[in-house]
Amino acid sequence: MDDLLTSYSAAIETLFARTTSGIKPGLDRTRAILARLGSPHRQLSAIHVAGTNGKGSVVATAEALLRWKGLKVGRYTSPHLVDFRERITVNGTPITEKAVLHFLEEWIPLAEEMGATFFELTTALAFDWFVKENVDIAVIETGLGGRLDSTNVLTPRVATVTSIGLDHTDLLGDTLESIAREKAGIFKRGIPAVIGEDSAPIRSLLQDCAREVGAQPIIAIDDEYEISDVKVSPAGTEFTMGHSGGRHSITTPLIGAYQARNTTVAIATVATLGNDYLPPTAEISSALSNVFLPGRFQRRGKIIFDVAHNPEGAHTIADTVRALNPPTPCTALVAVLADKDWRGIIRELATVVDRFLFTNAPSAPAERRWDPADALRYADSEGFNADLEPDLDVALARGEGQSETLIVTGSFHTVGDAMSRLQVSPFAA
């Protein structure tokens with residue numbers, strides 16, 4: 001086996017191939033691996049974030065606020081777009097290839113023996129790296145759900161649920177209520193709970209879940225903050241945040257009206273940690289000036305990259321396109337995983353694009369790859385202007401050639417594959 005791990009890329013391939021594929025809910029394997037590592041999760045000061053949409057934005061914003069205060073901040077997110085190391089960063093710097101290689105050489109045999117998943121081993125790697133790097137605080141995003149997600153071995157300083165939507169219904173349940181209960185599984189006794197959900201019934205359910213486990217305090221954004229005067233421009237999103245009788249103008253470089261809420265959720269999350277962690281309100285916009293989140297309405301020339309992979313995400317793309325009114329004609333280059341509601345995604349995007357170009361994401365797992373011909377038939381039946389180009393390289397060239405604005409979307413695989421081909425970095429400049 002040592003011969004296989006002669007390079008970083010080979011190590012990553014081994015990680016994908018040798019740890020069991022798919023999802024295996026439960027925390028026992030993660031705890032067992034971490035125990036062998038000296039239980040690094042018990043040494044971490046952490047923010048824990050779950051939710052259907054908005055997790056990445058909240059994590060990136062919280063990280064920027066904490067770094068502005070001079071703290072050393074670890075960030076663990078998933079999935080990655082181009083490079084596995086995007087998942088694990090300290091103050092924006094990705095984990096070294098050497099550290100990944102050394103860890104995998106040592107621990108893949110144990111992972112195989114235990115039947116651990118890719119995500120379980122990656123979580124252990126992240127927590128171990130953050131402790132070795134002596135981070136002051138880590139911002140941790142759940143991979144899937146919350147209750148049984150391997151990151152839920154943490155006892156965080158604060159647990160935040162951003163929003164609830166219908167996604168991963170095969171694993172989390174097919175109603176918003178069942179999904180909310182799974183996400184709420186990150187709430188802990190005596191630990192602050194922050195709730196960003198804007199739907200009153202689901203918000204109330206999340207509050208009930210937090211109360212049931214004894215979370216304290218419970219902070220629902222809509223009860224304690226007011227968001228108004230939202231303005232979206234190519235430079236970012238500006239809004240007024242009301243809190244405790246004061247009103248403050250906030251600007252984030254992240255583009256989209258929904259980023260006003262995500263930014264507020266992040267501010268509320270960091271605020272629970274105390275004054276040593278949150279910049280003064282007048283300095284928040286300065287603290288956020290370097291927020292970078294690849295693949296979320298990320299613009300490069302005429303191309304917009306967005307990892308939206310459910311109808312809610314596609315709806316936010318449509319809202320943002322309407323707000324910015326980019327040059328036309330506008331094409332959506334789309335490839336979605338087969339188990340997602342790709343019809344819903346197409347319907348949402350159809351309200352703002354002139355045509356669709358359906359393609360494939362080469363990195364998508366074979367068992368989850370959609371048939372773009374099905375999407376074409378559906379689009380034709382709905383009267384949408386659409387075409388088919390199965391080869392992503394050809395599709396990108398066609399899309400750029402026929403459009404003034406090209407939206408690349410549908411999944412992390414689609415956006416990551418396109419960014420790789422176009423040599424767009426997933427790391428901040």
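Structure's up top.
Throughout this description, residue numbers start from 1 for each chain and increase along the sequence as written. In view of the model being predicted, local features appear only for residues whose pLDDT reaches at least 70, and side-chain atom pairs are presented and counted only at 80 or more, with totals across whole chains, interfaces and linings using the full set of residues. With hydrogens and water excluded, all non-hydrogen atoms of the structure serve as input to the side-chain values.

Examining helix 15 (residues 392-402)
It helps to recall that an α-helix has 3.6 residues per turn; residues three or four apart then point in one direction. Relative accessible area decides the class of each residue, using a 1.4 Å probe on protein chains only: under 20% of the type maximum gives buried, over 50% gives exposed, and in between gives partly exposed. Numbering goes from the N terminus for both helices and strands, where a helix is a DSSP run of H or I of at least four residues and a strand is a run of E of at least two. The set of residues buried in helix 15 consists of L392, A395, L396 and G399. Considered in projection along helix 15, the buried side chains sweep an arc of 100° and stay on one side of the axis. Those residues of helix 15 that are exposed and aimed more than 90 degrees away from the buried face are A397 and G401. Those residues of helix 15 that are buried lie in contact with strand 14 (330-334), strand 15 (355-358), strand 17 (405-409) and helix 16 (412-422). In protein, a polar contact requires one atom able to donate a hydrogen and another able to accept it; more generally it is a pair of N or O atoms within 3.5 Å, and residues adjacent in sequence count only if both atoms are side-chain atoms. Between the side-chain oxygen at the start of helix 15 and the backbone nitrogen of D393 there is a gap of 3.0 Å, and the oxygen is on D391. What the arc covers is the set of directions going from the helix axis to the C-beta atoms. Contacts are assigned to residue pairs that have any heavy atoms within 4.5 Å of one another.

Notes on the pattern of salt bridges
What counts as a salt bridge is simple: a side-chain nitrogen of Lys or Arg found within 4 Å of a carboxyl oxygen of Asp or Glu. The full count for this structure, using the stated rule, is 17 salt bridges. A salt bridge links R75 to E63; the nearest nitrogen and oxygen atoms lie 3.0 Å apart. Here E63 lies in helix 3 (residues 55-68) and R75 lies in strand 2 (residues 73-76), a separation of twelve residues in the sequence. Across the pair, E63 and R75 agree in class, each one buried. One connected set of salt bridges, linked through shared partners, spans E63, R67 and R75.

With respect to helix 4 (residues 97-114)
The first and last C-alpha atoms of helix 4 sit 25 Å apart over 18 residues, in line with the 26 Å expected at 1.5 Å per residue. Considering bend angle alone, the principal kink of helix 4 is centred on W107 and spans about 45°; proline P109 follows within four residues of it. Where helix 4 is concerned, the buried positions are A99, V100, L101, F103, L104, W107, I108, L110 and A111. Positive backbone phi, at 75°, marks G115, one or two positions downstream of helix 4. By this rule the span expected of a helix is its residue count minus one, scaled by 1.5 Å. Working definition for bend: take the seven residues up to and ending at a residue and the seven starting at it, fit an axis to each, and measure the angle between the axes.

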